[in-house]
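# Survey of secondary and tertiary structure
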Amino acid sequence: MGVYNGGLSERKKLILKAVVEAHIEGGEPVGSKYIVQNNLVSCSSATIRNEMAELEALGYLEQPHTSAGRVPSELGYRFYVDSLVEQYANTTRDIAQINQILRVKMAEIDQILDTASKLASSLTNYTGIAIKPKSASVTMSKFELVSIDEFNFVMVMISSGGMVKTKKVKSPLPYSAEDLSRLAGLFNENLCGLGADMINLPIIMHFEGAMGDASFLVSPAIKAVYEVMNDLDGGQLRYSGLNHLLDYPEYADTEHLGNLLGTLENQEEILELVSGAEGDEINVLIGSESSVKVMNNSSLVFKPIKKNGRTVGVIGVLGPRRMDYKKVLETLEGIGESITGIIGGERALKEGDHNGGEHNGG
């Protein structure tokens, strides 16, 4: 995803950085006069003007026909993200705040991701996203069955990816505590590590035979397992702060905004986009780099969350191409690191626990 920058001098890099950051802040085309007046680069106006013209010729800047100033091109934003953004590092206070907020929702990874999405949105002023990616094959690592009364019980299922799901099951006949314990044992001995397509009729018949007079418990329990596996396998996408899109003039065109919202509501294209990401590095898709056509004027930044080498979720933000990439990268790195620590069962992160040497931005 890197950009060839052999033709850019240090001065060009400084000027490009100044133009990108000024445009991100103000949203208007940036001229050489603005750069000189704000002491962004210590060169004459004429020199800056010439360098900006060369940056435009190289494809890093664009000049709107109605303005003498210039705006970053998609290539300019990409170069900025890859080469000019300083090492992002959260302060001790930010890390502590993120961990405190996330620990409130430790029961299920879905809840952690939802909280992280809202946190990312509030910290960046863009739309936050929380994604449970599609999985080729969902399997379970543990089953717990908890009795409510003689006709109802709750199945607690932990996936191999670390997701915890609960399902209330109604029994057609009364059952005993021994019956429930025996069923839990059968599930843990025989179903762990199996995908839904491998839970076949011979397995179900074996369960019914082993349960004897309580065989009536097998069918509703297996049905609950299928439902949870299908739910986990399908992928989910949730948004926080969609209203933030209205804060940016890039989305003033109601037709364009409507098309974008339609794509976000449909979810399929976005899920396909993030499910193909590898590793746990932050991904930055600027404009047409995304395969989703209606996002040509937007940027999607997201970070996969891994547990035991498997992607269990994705957090990110969606906003205009004129995005504050520094803030977004810093925020997602901090949140992602906190989630990984929580779901990985690592030492609890406490206030003041982090220092600059421990945090690696990437």
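Residues numbered from 1 in each chain as written. Predicted model: local features only at pLDDT ≥ 70, side-chain atom pairs only at ≥ 80, totals over all residues. Heavy atoms only, no water.

### With respect to the nonpolar core
Ranked by internal contacts, the top residues of the largest apolar core, which has 100 residues, are Met 155 and Phe 187. Non-local contacts of Met 155, meaning those with residues more than four positions away in its chain, are made with Phe 143, Glu 144, Leu 145, Lys 165, Thr 166, Lys 167, Val 169, Phe 187, Ala 221, Ala 224 and Val 225. (Core = buried A, V, L, I, M, F, W, Y, C linked by side-chain atoms within 4.5 Å. Buried < 20%, exposed > 50% of the residue type's maximum accessible area, 1.4 Å probe, protein only. Contact = heavy atoms within 4.5 Å.)

### Here's the deal with the pattern of salt bridges
Applying the stated criterion to the full structure yields 17 salt bridges. The partner of Arg 321 in a salt bridge is Glu 74, with the nearest N and O atoms 3.8 Å apart. Remark: Glu 74 occurs in helix H4 (residues 74-84) and Arg 321 occurs in the loop between strand S10 (310-320) and helix H12 (325-343); sequence separation between them is 247 residues. Take Arg 321 and Glu 74: they sit in the same class, and that class is buried. Here Glu 227 makes a salt bridge to Lys 223, at a shortest N to O gap of 2.6 Å. One end of the pair is Glu 227 and the other is Lys 223, both in helix H9 (residues 218-234) and four residues apart, which spans about a single turn. A cluster of three or more residues bridged by salt bridges with shared partners is formed by Arg 11, Lys 12, Glu 51 and Glu 54. (Salt bridge = Lys/Arg side-chain N within 4 Å of Asp/Glu carboxyl O. Helix = DSSP H or I, 4+ residues; strand = E, 2+ residues; numbered from the N terminus.)

### Focus on the pairing of S10
Side-chain direction in a regular strand flips from residue to residue, so the side chains alternate between the two faces of the sheet. S10 sits mainly inside the fold: nine of its 11 residues count as buried. Where strand S3 (residues 127-132) lies against S10, five bridges are found, and the strand directions are antiparallel. Bridge pairing links Thr 127 to Leu 318 in S10. With 10 bridges connecting them, strand S9 (residues 298-307) and S10 associate as antiparallel partners. For Lys 303, the partnering residue across the bridge sits in S10 and is Ile 315. A loop of two residues connects S9 with S10, the two strands running antiparallel in sequence, and Asn 308 in this loop sits at a positive phi of about 55 degrees. (Pairing = 2+ DSSP bridges.)

### Observations concerning helix H10 (residues 254-266)
Counted at 1.5 Å a residue, the expected span for H10 with its 13 residues is 18 Å, and the 18 Å between its end C-alpha atoms agrees. All of the buried residues along H10 are Leu 257, Leu 260, Thr 263 and Leu 264. All buried residues of H10 project into a common sector of 125 degrees when viewed along the axis, lining one side. Seen from the open side of H10, the exposed residues pointing more than 90 degrees away from its buried face are Thr 254, Glu 255, Glu 265 and Asn 266. Looking at the packing, one finds that the buried side of H10 touches strand S7 (236-240), helix H11 (268-275), S9 and S10. Where H10 starts, the residue carrying a side-chain oxygen 2.9 Å from the main-chain nitrogen of Glu 255 turns out to be Asp 253. One or two residues past the end of H10 sits Gln 267, with phi positive at roughly 75 degrees. (Expected span 1.5 Å × (residues − 1). Arc of directions from axis to C-beta. Polar contact = N/O pair within 3.5 Å; in protein donor to acceptor, adjacent residues only side chain to side chain.)

### Here's the deal with the packing of helix H7 (residues 177-190) against helix H8 (residues 201-211)
Two numbers describe how H7 lies on H8: the axes approach to 10 Å, and their chain directions differ by 150 degrees. Relative to H8, H7 is oriented roughly antiparallel. Seen along the crossing, H7 lies across H8 with a hand that is right-handed. The segment H7 lies against H8, with Asp 179, Arg 182, Leu 183, Leu 186, Phe 187 and Asn 190 engaging His 206, Phe 207, Ala 210 and Met 211. Here the contact of H7 with H8 is composed, by residue class, of six nonpolar, two polar and two charged. (Axes fitted to C-alpha atoms, helices over the stretch in contact; angles between N-to-C directions. Parallel < 35°, antiparallel > 145°, perpendicular 65-115°, else oblique. Left-handed = near helix turned anticlockwise from the far one by under 90°. Nonpolar A, V, L, I, M, F, W, Y, C, P; charged D, E, K, R; others polar.)

### Re the confidence of the model for the chain
The predicted coordinates of low-pLDDT regions are not to be read in fine detail. Averaged over every residue, the pLDDT of the chain is 82; residues scoring 70 or more account for 83%. The secondary structure element of the chain with the lowest average pLDDT is helix H5 (residues 92-103), at 65, and the one with the highest is H7, at 95. In this model, residues 346-362 is a region of pLDDT below 50 whose contacts with residues beyond four sequence positions or in other chains number 30 contacts. (pLDDT = per-residue confidence, 0-100.)

### Things to note about the packing of aromatic side chains
Counted by the stated rule, this structure contains seven aromatic pairs. Note on Tyr 77 and Tyr 325: the rings are 5.9 Å apart at their centroids and 55 degrees apart in plane angle, and the pair reads as tilted. With Tyr 77 in helix H4 and Tyr 325 in helix H12, the pair connects residues that are 248 residues apart, well separated along the chain. Classification of Tyr 77 as buried rests on a relative accessible area of 1%. Its relative accessible area of 1% is what places Tyr 325 among the buried residues. The structure contains a cluster of three or more aromatic residues connected by ring pairs, namely Tyr 77, Tyr 80 and Tyr 325. (Phe/Tyr/Trp six-rings, centres within 6.5 Å; stacked < 30°, edge-to-face > 60°.)

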